[in-house]
Amino acid sequence: MNNLKQTNMKTSTLLRATVLILLCATLAIPANAQLDLPRGSQMATVSQRIGITDVEIEYSRPKVNDREIWGKLVPYGMNNLGFGTAKESPWRAGANENTTITFSDAVMLDGKKVAAGTYGLHLVVNENNTATYILSKDANAWGSYFYEPSNDVARVEISTTTVPHREFLTFEFTEVNPTDATLSLLWEKKSFPLKIEVPVNDLVMSKIAADLKGQKGFTKQSWEQAARFAFNNGGDLSQALSWVNAAREGNFFSQKDFGNTALKAQILLKMEKKAEAMTLVDEAADMASMNQLNALGYQMLQMKEHDRALRFFKQNVKNNPENANVHDSLGDAYKQMGDKKNAVKHLKKALSLNPNANVKAHSEKLLAELNAS
């Protein structure tokens, strides 16, 4: 009897030792040596560029799978999840690891500046169709089990909306504009929108200034692009003028041409320096191609600079006497200036030169308006 008892004790001890050795061996396997197997909630990544800023979300996509989601699978409010160090946790906004959001530049969330970087993205879902997005600087935690409020970078209160059923949890950029985008978590029949704003112009202007100090600053085109962006997007006009001047003179790559001369004229006009601008307009006209001179003439018409416009259109006709389009434009200018006789003369001349369909239709329309068709 004693021998049998001793044998059973030895067997039990050996079994426990074997289990312990196997457990230790399992725990000792490096993470990168584990098999990469399919998950029930698949990983996904979605990204969007706003201006020159990239926003990327990485998350896992659980299914509804006939479950009651809101208030059940995803409890309302903050909750003790029964694991980890957090006494109260938000929802991880997905499954498995932390859902993360990455900004390549600083952005604004509900008026709060958030620096470039990667953040853990969490949600507090409320029963009254509201929710709170939480960005945590702890982007490497597993889910929300180790959530620590002191790591919060931003909290954004939102209202949820009702959407058609989404079986898989999905993040989408549901609205994209030049300086902002709306990121929405869509699952079951709820949408959780988060508006992300980017100071695009300030970022671009800062990046341009930095780029022009490097290799990109060794070409005339870079300085022209910089000046054009500042001019078109409400940038500092003095800076725009400085940049276009660098493209035109003073550097080994500098060269005056129609494009940068016309651009400088536009900048000066915006700075209310019309006399200087008109001198450059005349300079640009001397370098213009037929189409450029035609466009310049129409710009002068819009500015009520009729004498200058007429001079440009006449010069185009002198240089290109057999071109229907330049006669059509000169006729248009005469019409706008109230000179019916010369308008009819050049519009009919345009029609006599076998014009393309667009020019023909335009000349015929103007003649009909003059009762001279």
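For the structure, check the block above.
Peer 1: Quick rundown of a nonpolar patch on the surface? Include the residues and the values.
Peer 2: A cluster of nonpolar side chains, namely Phe-83, Trp-142 and Phe-146, defines an oily patch on the protein surface of about 310 Å² accessible area. You can see Phe-146 is positioned in the loop between strand E7 (130-136) and strand E8 (152-159). Classification of Phe-146 as partly exposed rests on a relative accessible area of 33%.

Peer 1: Please give an account of helix H9 (residues 324-336) that cites residues and values.
Peer 2: Between its first and last C-alpha atoms H9 spans 19 Å; for 13 residues at 1.5 Å apiece the expected length is 18 Å, and the two agree. Within H9, 10 of the 13 residues are buried, leaving the element largely enclosed by the surrounding structure. Among the residues making up H9, those that are buried are Ala-324, Val-326, His-327, Asp-328, Ser-329, Leu-330, Gly-331, Asp-332, Ala-333 and Tyr-334. Of the surrounding elements, those touching the buried residues of H9 are helix H7 (290-302), helix H8 (306-319), helix H10 (340-352) and helix H11 (357-369). At the N-terminal boundary of H9, the capping side chain belongs to Asn-323, with an oxygen 2.9 Å from the backbone nitrogen of Asn-325. Looking one or two residues past H9, Gly-338 carries a phi angle of roughly 85 degrees, positive in sign.

Peer 1: If you had to explain the sheet that holds strand E2 (residues 53-61) to someone new, which residues and values would you point to?
Peer 2: Two modes of strand pairing occur in sheets, parallel and antiparallel, and in both the strands are linked by backbone hydrogen bonds. Pairing within the open sheet is antiparallel, and its 6 strands lie in the order E1-E2-E3-E6-E7-E8. Two strands bound the open sheet, and with one partner strand each, they are strand E1 (42-50) and E8. Put simply, the sheet's adjacent strands are angled 25 degrees from each other on average, direction ignored. Pairing analysis gives 4 bridges linking strand E3 (residues 100-103) to strand E6 (residues 117-125), with the strands arranged antiparallel. The partner of Phe-103 across the bridge, within E6, is Gly-117.

About the criteria used
Residues numbered from 1 in each chain as written. Predicted model: local features only at pLDDT ≥ 70, side-chain atom pairs only at ≥ 80, totals over all residues. Heavy atoms only, no water. Patch = residues over 30% accessible without salt bridge, like charges linked within 9 Å, V, L, I, M, F, W, Y side chains within 5 Å. Areas by Shrake-Rupley, 256 points an atom, 1.4 Å probe, with all protein chains shown as cover. Salt bridge = Lys/Arg side-chain N within 4 Å of Asp/Glu carboxyl O. Helix = DSSP H or I, 4+ residues; strand = E, 2+ residues; numbered from the N terminus. Buried < 20%, exposed > 50% of the residue type's maximum accessible area, 1.4 Å probe, protein only. Expected span 1.5 Å × (residues − 1). Contact = heavy atoms within 4.5 Å. Polar contact = N/O pair within 3.5 Å; in protein donor to acceptor, adjacent residues only side chain to side chain. Pairing = 2+ DSSP bridges. Axes fitted to C-alpha atoms, helices over the stretch in contact; angles between N-to-C directions.

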